[in-house]
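# Architecture at a glance
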Amino acid sequence: MTMAQAQTRLSRESVTRLDPAARPLVEPQSLRPRILHFGLGAFHRAHQAVYTEAANAACGERWGIVDVEPFSSRAVEEMRAQDCLYSVTDRAPGDLRTRVVGSVIEALLLSEDPGRVRELLTDADLGTVTLTVTEKGYHRRLDTGGLDTTAAPIVTDLAATASEGAPLATVLGQLSAGLRARFHSTAAPIDLISCDNMAGNGPALATVVRGFIEASAWADKDALLAWMADSVSFPATIVDRIVPATTDDDRNLASSALGLRDEMPVLGEPYRQWVLEDAFVGPRPHWDRGGALYVPDVAPYQLMKLRLLNGSHSAMAYLGLAAGCRTVADVLATDWGESLVRAFGSEVAPTLPRAGTDPAAYVEDLVVRFRNPAMHHLLRQIGSDGTLKLPERWFGPLRELRANGRPAPVLELALAAWVHATVPHTDGGQRYGTVDPASPALAACWSGSMTPTRRVAALLTAAGAEDLAAATDLTAAIAQRLDGVAAGRVEL
Ligand code: CS2
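Residues numbered from 1 in each chain as written. Predicted model: local features only at pLDDT ≥ 70, side-chain atom pairs only at ≥ 80, totals over all residues. Heavy atoms only, no water.

### A look at the site of the ligand
The following threshold applies: Definition of nearness: a residue and a molecule or strand are near each other if at least one heavy atom of the residue lies within 4 Å of the molecule or strand. Residues adjacent in sequence count toward polar contacts only when both atoms are side-chain atoms; beyond that, a polar contact is any pair of N or O atoms within 3.5 Å, and within protein one must be able to donate a hydrogen and the other to accept it. Per-residue accessibility takes into account occlusion by the displayed protein chains alone, with areas from the Shrake-Rupley method and a 1.4 Å probe. Segments assigned H or I by DSSP are reported as helices when at least four residues long, segments assigned E as strands when at least two residues long, and all are numbered from the N terminus. Each residue is assigned to one of three groups, with Ala, Val, Leu, Ile, Met, Phe, Trp, Tyr, Cys and Pro labelled nonpolar, Asp, Glu, Lys and Arg labelled charged, and all others, Gly among them, labelled polar.
In the vicinity of the ligand, the contacting residues are Asn-197, Val-239, Asp-240, Arg-241, Ile-242, Lys-305, Asn-310, His-313, His-377, Ile-382, Lys-389 and Arg-393. Take Lys-305: an N or O atom from its side chain is 2.7 Å from an oxygen atom of the ligand. Protein contacts shield 89% of the accessible area of the ligand, which totals 350 Å² for the unbound molecule. Counting residues per element, the shell around the ligand draws most heavily on helix 11 (residues 299–322), which supplies three residues. Its residues placed into classes, the shell around the ligand shows three nonpolar, four polar and five charged.

Here you go:
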């Protein structure tokens, strides 16, 4: 008998057998659906769901989360099989703590439950929508940041708006249709919160939702947009917790820690941070009582996190993969890993707002977080979707450094490693197993003969950075580093 068969499944019934310290902080039965969340990934369950539970426990509120998953029917089935309970393990070095979180009360599949999604969005008691759908879920144009109305799923959904009641398949489509239904029913104010890693994620979400409505065939769209101007807010946020994708080993580890079979555990670092722009029009959840921070302007926090944490993550991913490492902790164990994080931080620091945390101190904290040997954060996971991540993480600071006449050797080296990693693999992916929605365009840059400098320019263009592609000093500097990177050398 395997361990999976031997163990009772985690559920509302079986959870009562656990030690009180491992049980949900608040009875899930007592919660009401007040938050609709899109994206049932590990990050959401280890972050917003944990804050919501802590907030409920701290102030006696009853905010329950309904999760809507756009893609994985397996995740929805497994959550339902566990009454939406799952465990979170805090992975401090040498000290693993596992407990069950109980703030998710319902799990829906976007394609199967549009009626329930619509019903919840019209419910005046539902005050907040949150999203972790990754950069891909926003269908933004790389050049303007507006909605890409030529993206195939958006084209289909926009066409469907011509027939009343036709099903919509994308998160943006269902969200827009839900807002329209709300406008015609309760018209209660509501807040839509992007929890994805994008600078200005609030305005980014506002732009694509409004863009969808503007491009729709709905006859009442002007009235809907006018109502939204006062009744729908898009607060910006920064979210932070390192949560690698869950593996089978993690499932076994969490299940044996609980003594109950958990198919949906999440394992993350003990650190977590959530900063939200205090710009709500609906009822504001008491996430601050769970440790979140409401501030008038999130920009300083956002740039610090995106450029230093996510920026150095991506640099470690591509340079580490080329040097034969698998995880972030592997990189930190090399003789160049810590120097890379520090050199990256010093280079990018002049592009950060002066207010707020000292970048050098932030970088030292990062070194400790990245070094955590209890985390197995795959470089392949971080290196995926590069064409969507790099504009947020590297291109902005690179442009600013160049505009101020400052050198950017670490970013150039990191870009060389990204270029090297984009070589197509025969299995349709990329050289080191990373994936990218733009991989056909990237692969095309590797067919035919071209000078290395021209190839770098072509790849930068495919990533939407035509201005950087046109900077011949930059493309030459990147091309010059390619041989060293290919030989696995990290020459800082
Ligand atoms: C990572 C992030 O996968 C990635 O691209 O850089 O998921 C990172 O771990 C989180 O943003 C940390 O808060």
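Having seen the model, we can carry on.
### Some points on the environment of Pro-359
This is how it is decided: Contact between two residues is taken to exist if any of their heavy atoms lie within 4.5 Å; hydrogens are not considered.
Within the secondary structure layout, Pro-359 lies in helix 14 (residues 359–371). When sequence neighbours within four positions are dropped, the list of residues in contact with Pro-359 reads Met-304, Leu-308, Ala-349 and Leu-352.

### Things to note about the sheet that holds strand 12 (residues 293–295)
Note the threshold: The criterion for strand pairing is that DSSP finds at least two bridges linking the strands in question. Angles here are taken between N-to-C directions and fall from 0 to 180 degrees, while the axes themselves are lines fitted to C-alpha atoms, restricted in helices to the stretch in contact.
The mixed open sheet is built from three strands, whose spatial order is 9-11-12. Bordering the open sheet on either side are strand 9 (237–240) and strand 12, each of which pairs with just one other strand. Adjacent strand axes in the sheet meet at a mean angle of 15° when their direction is disregarded. In this sheet, strand 11 (residues 273–277) lies alongside strand 9 in antiparallel orientation, the contact comprising four bridges. Bridge pairing in strand 11 links Thr-237 to Leu-276. The strands that helix 11 touches are strand 9, strand 11 and strand 12; relative to strand 9, the one it contacts most, it runs at about 40°.

### So, the nonpolar core
For the record, the criterion: By convention a nonpolar core is built from buried Ala, Val, Leu, Ile, Met, Phe, Trp, Tyr and Cys residues, the set being connected through side-chain atoms within 4.5 Å. Think of it in three bands: with a 1.4 Å probe and only protein chains considered, a residue is buried below 20% of the maximum accessible area for its type, exposed above 50%, and partly exposed in between.
Core analysis: the largest hydrophobic core is formed by 64 residues, its most contacted members being Phe-370, Trp-394, Phe-395, Trp-418 and Leu-460. Residues contacting Phe-370, with those up to four places away along its chain left out, are Ile-242, Leu-309, Ser-312, His-313, Met-316, Val-328, Ala-329, Leu-332 and Val-341.

### Details of the domain arrangement of the protein chain
Rule in force here: Domain delimitation in this document rests on an assignment produced automatically or drawn from a domain database. Simply put, the buried area is the total loss of 1.4 Å probe accessible area from both parts when two parts are fitted together.
For the protein chain, the assigned domains read domain 1 (3–295) and domain 2 (299–486). Between domain 1 and domain 2, the C-alpha centre-to-centre distance is 29 Å. Counting residues at the interface gives 30 residues for domain 1, matched by 28 residues for domain 2. Of the roughly 2200 Å² buried between domain 1 and domain 2 on both sides combined, carbon and sulfur atoms contribute 59%. Among the residues domain 1 hides against domain 2, the three largest losses belong to Glu-135, Leu-142 and Ile-242. Together they make up 25% of the total.

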